[in-house]
Amino acid sequence: MEFFKIKRDIPFMRHAIIFNVVSLITFLAAVFFLFSRGLHLSVEFTGGTLMEVTYAQPADLDLVRSTVAKLGLNDVQVQNFGTARDVLIRLPVQKGVSSAQQSVQVMTALKAADASAVMRRTEFVGPQVGDELAVDGIKALASVIVGIMLYLAIRFEWKFAVAAIIANLHDIVIILGFFAFFQWEFSLPVLAAVLAVLGYSVNESVVIFDRIRENFRRYRKMNTHEIIDSAITSTISRTIITHGSTQMMVLSMLLFGGATLHYFALALTIGILFGIYSSVFVAAAIAMWLGIQREDLIKGGAKKEEDPNDPNAGATV
């Protein structure tokens, strides 16, 4: 399916330096905010109290949040747990206040707002557990990066693997930079979104890299710049349709998913937008600067050259 047919190749690589300078500035700004402000970690990483409360009727989450907020507790997470009548509340650690005291204080306020509120259980998540989750999250991120790099090195060529990893790290650091700058809460769902962005971004890079390899086999008289420009231009229709559809779904979660999905969808939104940018202007440009050439990708004889502007190019009978 190709809704957006472009007859002439767009010279993306002609402006690769400009786009990558913009990327570098954005990347360095994100690193600066990560070190200067740090991430605003959620209860899962810092420790705190978990409360499960049940109501006789579907719970009003906004009422629960406002009730807890009146107690002066910040960074409280409120979400449905299981059914619409069950609510899970995460409370951060407070100095000089025990978990039991926090639970009693919150339940007193909730019962005053709705007498049907019943506490089913309460748990305390210690800082040690939070540290383990943070370490496991870093390990998961590192494992995904190594796996992607090995996959690309085997499927294509090591220059493509290096280019894709740099582009993916570019996306991850920028997402984290946004969360550090605005001090948005970084929770386990956000970590899941970051891992999802890694796979999503590398998928776009693989599509472009695969088309570059095909073009090297097909057009022997075109130089590397022209090969890459042709590959990106020929995949634009697919990029617009795929990413446009995905972004519509993510925006619906962001706008209508409520507080529970807000930061998860926000991380995905940032990641998708920068993932498209990095696949086109970062990954492809870095592969070009690393000196990717026809001999790196073609094993054996090349196919007969075709006209890149021929609508029947590459067609089979």
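Residues numbered from 1 in each chain as written. Predicted model: local features only at pLDDT ≥ 70, side-chain atom pairs only at ≥ 80, totals over all residues. Heavy atoms only, no water.

Student: Any details on the overall build of the chain? Residues and values, ideally.
Tutor: When you go through the chain residue by residue, the secondary structure sums to eleven helices and six strands. Taking 2.2 N^0.38 as the reference for a compact globule, 317 residues should give roughly 20 Å; the C-alpha atoms of the chain span a radius of gyration of 25 Å, well beyond that estimate. Each principal axis of the C-alpha distribution contributes one length, and for the chain these read about 80 × 35 × 30 Å. Here the chain holds 317 residues, and the buried ones make up 44% of them. Contacts in the chain between residues far apart in sequence, at least 24 positions, make up 79% of those at least 6 positions apart. Taken as a whole, the chain presents about 16400 Å² of accessible surface, with 63% of it coming from carbon and sulfur. Averaging the coordinates of the 27 positive side-chain charges in the chain and doing the same for the 27 negative ones gives two points 4 Å apart. (Helix = DSSP H or I, 4+ residues; strand = E, 2+ residues; numbered from the N terminus. Rg over C-alpha atoms; globule rule 2.2 N^0.38 Å. Buried < 20%, exposed > 50% of the residue type's maximum accessible area, 1.4 Å probe, protein only. Contact = heavy atoms within 4.5 Å. Areas by Shrake-Rupley, 256 points an atom, 1.4 Å probe, with all protein chains shown as cover. Lys, Arg positive; Asp, Glu negative; His and termini not counted. Charge placed at Lys NZ, Arg CZ, Asp CG, Glu CD.)

Student: Any chance you could break down a nonpolar patch on the surface for me, citing the residues and the numbers?
Tutor: Together, Ile17, Val21, Ile25 and Trp289 line one region of the surface with nonpolar side chains, adding up to about 430 Å² of accessible area. Per-element accounting of the nonpolar patch gives the leading share, three residues, to helix 1 (residues 16-36). Structurally, the position occupied by Val21 is in helix 1. Residue Val21 is classed as partly exposed on the basis of its relative accessible area of 43%. (Patch = residues over 30% accessible without salt bridge, like charges linked within 9 Å, V, L, I, M, F, W, Y side chains within 5 Å. Salt bridge = Lys/Arg side-chain N within 4 Å of Asp/Glu carboxyl O.)

Student: If you had to explain the packing of aromatic side chains to someone new, which residues and values would you point to?
Tutor: Taken as a whole and assessed by the stated rule, the structure comprises 15 aromatic pairs. Both rings, one in Tyr277 and one in Phe281, keep their centres 5.1 Å apart while their planes meet at 55°; by these two values the pair is tilted. Note that Tyr277 and Phe281 are positioned in helix 10 (residues 258-289) at a spacing of four residues, about one turn of the helix. With a relative accessible area of 13%, Phe281 lands in the buried category. By the ring-pair criterion, three or more aromatic residues cluster together here, those being Phe32, Phe33, Phe178, Phe179, Phe181, Phe182, Trp184, Phe186, Tyr263 and Phe274. (Phe/Tyr/Trp six-rings, centres within 6.5 Å; stacked < 30°, edge-to-face > 60°.)

Student: Can you explain the environment of Gly47? Please cite residues and give values.
Tutor: Note that Gly47 resides in the loop between helix 2 (43-46) and strand 2 (48-54). You can call Gly47 buried: its relative accessible area is 0%. In this structure the C-alpha to C-alpha distance between Gly47 and Phe124, which are 77 residues apart in sequence, comes to 7.5 Å.

Student: Help me get a handle on the pairing of strand 3 (residues 77-81), residues and values and all.
Tutor: Pairing between strand 3 and strand 4 (residues 83-92): five bridges, direction antiparallel. Residue pairing across strands places Phe81 opposite Thr83, the latter belonging to strand 4. Here strand 3 folds back onto strand 4 in antiparallel fashion, the turn holding one residue, of which Gly82 has a positive phi close to 90°. (Pairing = 2+ DSSP bridges.)

Student: Outline the packing of helix 7 (residues 188-218) against helix 10, supporting the account with residue identities and numerical values.
Tutor: Viewed as axis vectors pointing N to C, helix 7 and helix 10 meet at an angle of 25°, and their least axial separation amounts to 8 Å. By the criterion of interaxial angle, the relationship of helix 7 to helix 10 is roughly parallel. In terms of crossing hand, the pair formed by helix 7 and helix 10 is right-handed. For the pair helix 7 and helix 10, contact is made by Pro189, Val190, Ala193, Ala196, Val197, Tyr200, Ser201, Glu204, Ser205, Ile208 and Phe209 and by Tyr263, Phe264, Ala267, Leu268, Gly271, Ile272, Gly275, Ser278, Ser279, Val280, Ala283 and Ala284, respectively. (Axes fitted to C-alpha atoms, helices over the stretch in contact; angles between N-to-C directions. Parallel < 35°, antiparallel > 145°, perpendicular 65-115°, else oblique. Left-handed = near helix turned anticlockwise from the far one by under 90°.)

Student: Hey, could you go over the packing of helix 1 against helix 10 for me, with residue numbers and the actual values?
Tutor: Their axes nearest at 10 Å, the elements helix 1 and helix 10 cross at an angle of 120°. If you check the angle between helix 1 and helix 10, you find them oblique. Read as a crossing pair, helix 1 and helix 10 show a hand that is left-handed. Contact residues: helix 1 offers Ala16, Ile17, Phe19, Asn20, Val22, Ser23 and Thr26, while helix 10 offers Phe274, Tyr277, Phe281, Val282, Ala285, Met288 and Trp289. Considered class by class, the residues forming the contact of helix 1 with helix 10 number eleven nonpolar, three polar and no charged. (Nonpolar A, V, L, I, M, F, W, Y, C, P; charged D, E, K, R; others polar.)

By themselves, these are just geometric observations and shouldn't be taken as functional.
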